[in-house]
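In case you want the letters, here they are:
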Amino acid sequence: MKMVIKNRKKRKRYVKASMTLEASFLVPIILFTIVGGINIGYRMLQETKGIIQIHEELEKLDPVELVRTKTLIRGLTDQ
């Protein structure tokens, strides 16, 4: 029984060359796809942050208050 186990341990496993060749093409494609997806997600995050920042600044901007301030300044300078 021990000889059988030793023979199993010593047995070399061979892989067909086509399998390693396919893997050498597939692994870079898969990694490129994953990294590309992460990059697109990061760009979308940065773009959204910029849009939100502009939107928040525009919400703070009160057009009625601007008109009142400019009218008040014009009224003071005309007199």
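Since the model is a prediction, treat every value here as computed from it, not as a measurement.

(A) Representation of the overall build of the protein. Counting its secondary structure elements, the protein contains 3 helices and 0 strands. For the protein, the exposed area adds up to about 8500 Å²; of that, 66% sits on carbon and sulfur atoms.

(B) View of the confidence of the model for the protein. Of the residues in the protein, 68% reach a pLDDT of 70 or more, and the chain-wide mean stands at 79. Within the protein, no element has a lower average pLDDT than helix 1 (residues 2–10), which sits at 53, and none a higher one than helix 2 (residues 17–60), at 91.

(C) Expanded view of a nonpolar patch on the surface. Together, Leu26, Ile30, Ile34 and Ile38 make up a nonpolar patch on the protein surface, roughly 400 Å² of accessible area in all. As for its placement among the helices and strands, isoleucine 30 is situated in helix 2.

How each quantity is defined
Residues numbered from 1 in each chain as written. Predicted model: local features only at pLDDT ≥ 70, side-chain atom pairs only at ≥ 80, totals over all residues. Heavy atoms only, no water. Helix = DSSP H or I, 4+ residues; strand = E, 2+ residues; numbered from the N terminus. Areas by Shrake-Rupley, 256 points an atom, 1.4 Å probe, with all protein chains shown as cover. pLDDT = per-residue confidence, 0-100. Patch = residues over 30% accessible without salt bridge, like charges linked within 9 Å, V, L, I, M, F, W, Y side chains within 5 Å. Salt bridge = Lys/Arg side-chain N within 4 Å of Asp/Glu carboxyl O.

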